[in-house]
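Examination of the molecular architecture
Below are the chains, spelled out letter by letter.
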Amino acid sequence: MRREKVYAVIVPTSDYHGSEYVGEYFKLREYLSGFTGSAGTLVVTLEEAALWTDSRYFLQAECELSGSGTELMKMGESSTPKIEKFLLEKMPENSTLGFDGRTLSQEFVSRLSKTLSEKNIGISSETDFAELVWKDRPPLSAEPVFELPEQICGVSRAEKFSRIREKMKAEHADCLVISALDEIAWTLNLRGNDIEFCPLFLGFMMIFSGGSQTKLFANKEIFSDEIIEKLKADGVEIYGYGEVYSALGDLSCNVWADPRAVNHRFLTSLEDAKLIEKSSPIEAMKAVKNQTEILCVKNAHLKDGVAVTRFMKWLKTSVSSEKITELSAAEKLEEFRKLGENYMGQSFAPIMAYGAHGAIVHYSASEETNAVIEPRGMLLSDTGGHYLDGTTDITRTIVLGEISEEEKRAFTLVLAGHLNLLAARFPEGTRGSTLDYAAREPLWQNGLDFGHGTGHGVGFLLNVHEGPQRISFRAQNDAPMQAGMITSDEPGLYVEEKFGIRHESLLLCEKDENDENDENDENDENDENDENMGFLRFSPLTLVPFDRDGIDVKYLTSRQLELLNDYHRLVFEKLSPLLSGEEKKWLEKATEPI
């Protein structure tokens, strides 16, 4: 740092694309700090070091940072300053802040610059500090890419390019630059394996509005000759991964870029371009699944439903006779998932949280924390899978024996909120920030709440968390719900050092079949002020029973009880033909009407 003449350095958990999960090559923060959680930002000054992370990782970070001299900054707590405020206080006037400009978003850097300008603090963003200090740094991942057949993805590359270029022309954009890996994979109907839990490959892309030219910046070795020829037929030429910044510098036209998604170096390379700062049109396109994707993802959820149902039966019937731990339970569920046709792997790190561990919202079991699961209390199981025909994400809280009245009440109130959201009927143009109340109302009526959002979008064999829609009363500028979107429904309740409960299913947003308005009137679709706009509703994709052993019916309304029985009837109808013998009998009992 002294040689580079910087007083402080920011080391985020990020790759060059703002990905939620990152490859080994990008884990400098973990290498320097020893903290292995998937989210956190390290700040090192010449005098001290501090690490910011959220409540999911407080306990883990306290353990892993112990004795290191790095201070834990607990995000979300009133006493914790934001990174930019911390730097403003600690850095001398006229000093310099260093970071790799490829690892911070332009939006964050703009905020930093504005705050630090009070003390005339400069920014140095050209140095790759990892290259200076990490001598055994792993290489960049370069796993082979594979193509999704059109019978699974439903729409050809050529058609997607055509739709994107229509959006570009409407914005008078000559070039759309894309760094979000899921947007690139979706557009090209390609998937990879460069990031754990995400079937993506490293790359950048430029789509030009004139003609059919597209430039893809990626490691050419990851593409087969057949895929290269197919891409070329659709106007896609492949360039080196690192060549993107010089190519950006050559642009002198109207360039569309999303400052939330692109990194600082990416945007500052556009020296002569006229910038159109707006969300990428691809984000909204991929959020609305086409009919082929919907049929495929329903099939994926059938396979996943079978796997999780088998897991629930095994756990509830074996916990008294076998030694089962959080880690071994996760392994067992993975065994069941692997029996499903075209299973490709987990969609995120599994959460198996027994007893008090359930109160840690995104608990991750380790060898040090691995609890033995006993025939009492509850296990919160939040897991998901990628299949060739779709992505799943499900949480079930499983009762393993005797539980308290407090636990039953909490279990049932959370379930009531889940059922409320599942049954919501709402006009087109409604946002998740409005729908959130349906899920929280039973808890709020009892003076209870949970701190996380209620729902997130889910990609089609892409990221398990995607926008632009979300369900949270805290959401700002969240996108309206549209038919074809897949969104989670996951209210919860967490009592520190006692238990945690979450019930999560994925929901498909659909046109309401009882809608009397003209569904063919395309002019109504985006007019939020039209009194005659159509109505939408949700239907469940996830098909796994809720544990009846946790339900106290006095906390359910007659409508909620009807909804629960209807859901369980659907689960049995869809899954029973795929099960036999004792498994089918167990499911029949687990879905009996209450």
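Described in the following lines is the structure provided in the data block. (Residues numbered from 1 in each chain as written. Predicted model: local features only at pLDDT ≥ 70, side-chain atom pairs only at ≥ 80, totals over all residues. Heavy atoms only, no water.)

**Considering the nonpolar core**
- Of all hydrophobic cores here, the largest spans 74 residues; its most connected members are Leu 188, Phe 201, Met 206, Leu 216 and Phe 223.
- Among all residues touching Phe 201, those that are not within four sequence positions of it are Val 145, Leu 181, Ile 184, Ala 185, Leu 188, Leu 190, Arg 191, Gly 192, Asp 194, Leu 216, Ile 222 and Phe 223.
- Membership of the second largest hydrophobic core comes to 50 residues, among which are Val 306, Leu 380, Ala 424 and Phe 426. (Core = buried A, V, L, I, M, F, W, Y, C linked by side-chain atoms within 4.5 Å. Buried < 20%, exposed > 50% of the residue type's maximum accessible area, 1.4 Å probe, protein only. Contact = heavy atoms within 4.5 Å.)

**Focus: unusual backbone geometry**
- Looking along the chain, the bond that leaves Gly 467 and enters Pro 468 is cis, with omega of 10°.
- With a phi close to 60°, Lys 5 is a non-glycine residue in the positive phi region.
- Looking at the secondary structure, you find Lys 5 in the segment before strand E1 (8–11).
- Even without being a glycine, Asn 120 presents a positive backbone phi close to 55°.
- Structurally, Asn 120 can be placed in the loop between helix H4 (106–116) and strand E6 (122–124). (Helix = DSSP H or I, 4+ residues; strand = E, 2+ residues; numbered from the N terminus.)

**Digging into the sheet that holds strand E11 (residues 214–217)**
- Pairing within the open sheet is mixed, and its six strands lie in the order E12-E11-E10-E8-E13-E14. If you trace the sheet from one side to the other, it starts and ends with strand E12 (236–239) and strand E14 (274–277), each paired once. Neighbouring strand axes in the sheet, compared pairwise and without regard to direction, differ in orientation by 20° on average.
- The sheet contact formed by strand E13 (residues 254–257) and E14 spans four bridges and is parallel. Note that in E14 the partner of Val 255 across the bridge is Leu 275.
- The strands that helix H8 (residues 181–188) touches are strand E8 (175–178), strand E10 (204–208), E11 and E12; relative to E10, the one it contacts most, it runs at about 55°. (Pairing = 2+ DSSP bridges. Axes fitted to C-alpha atoms, helices over the stretch in contact; angles between N-to-C directions.)

**Looking at the packing of aromatic side chains**
- Applying the stated rule across the entire model yields 17 aromatic pairs.
- Measuring from ring centre to ring centre gives 4.9 Å for Tyr 31 and Trp 134, while their planes differ by 15°; the resulting arrangement is stacked. One end of the pair, Tyr 31, is in helix H1 (residues 28–33); the other, Trp 134, is in the loop between helix H5 (129–133) and strand E7 (146–147), with 103 residues separating them in the sequence.
- On the accessibility criterion, Tyr 31 (41% relative accessible area) is partly exposed.
- For Trp 134, a relative accessible area of 8% corresponds to the buried category.
- A centroid spacing of 5.8 Å and a plane angle of 55° characterise the contact between Tyr 437 and Trp 444, whose relative ring orientation is tilted.
- Cluster of aromatic residues (ring-pair linked, three or more members): Tyr 16, Tyr 25, Phe 26, Phe 204, Tyr 241, Tyr 245 and Phe 266. (Phe/Tyr/Trp six-rings, centres within 6.5 Å; stacked < 30°, edge-to-face > 60°.)

**Topic: the pattern of salt bridges**
- All chains considered together, the criterion is met by 40 salt bridges.
- Salt-bridge contacts for Glu 48 lead to Lys 90; the nearest nitrogen and oxygen are separated by 3.3 Å. You can see Glu 48 sitting in the loop between strand E2 (41–45) and strand E3 (49–53) and its partner Lys 90 sitting in helix H3 (residues 83–90), a full 42 residues away along the chain.
- You can call Glu 48 partly exposed: its relative accessible area is 28%.
- Looking at Lys 90, the relative accessible area reads 30%, which means it is partly exposed.
- Between Arg 157 and Glu 147 there is a salt bridge whose closest N-O contact spans 3.0 Å. Of this pair, Arg 157 sits in helix H7 (residues 157–170) while Glu 147 sits in strand E7, and the two are ten residues apart along the sequence.
- One connected set of salt bridges, linked through shared partners, spans Asp 100, Arg 102, Glu 126, Asp 128, Glu 131, Arg 137 and Arg 265. (Salt bridge = Lys/Arg side-chain N within 4 Å of Asp/Glu carboxyl O.)

**Examining the pairing of E3**
- E3 sits mainly inside the fold: five of its five residues count as buried.
- With four bridges connecting them, E2 and E3 associate as antiparallel partners. The residue bridging Val 44 from the neighbouring strand is Ala 49, located in E3.
- Examined bridge by bridge, E3 and strand E4 (residues 70–74) share five bridges and lie parallel to one another. Residue pairing in the sheet places Thr 53 in a bridge with Lys 74 of E4.

**Section: the sheet that holds E1**
- The strand order E4-E3-E2-E1-E5-E6 describes an open sheet built from six strands, whose pairing is mixed. Edge positions in the sheet fall to E4 and E6, since each has one partner strand and no second. Within this sheet the neighbouring strands show an average axis-to-axis angle of 25°, counted without direction.
- Packed onto the sheet, H3 meets E1, E2, E3, E4 and strand E5 (96–98) and runs at close to 5° relative to E2.

**Overview of the state of the cysteines**
- Using the criterion set out here, one finds zero disulfides in the structure.
- Looking at the unpaired Cys 153, the closest cysteine sulfur is the one in Cys 296, lying at 8.8 Å.
- Free cysteine Cys 253: the closest other cysteine sulfur is in Cys 175, separated by 5.4 Å.
- According to the relative accessible area criterion, Cys 253 is partly exposed, its value standing at 21%. (Disulfide = S-S within 2.5 Å.)

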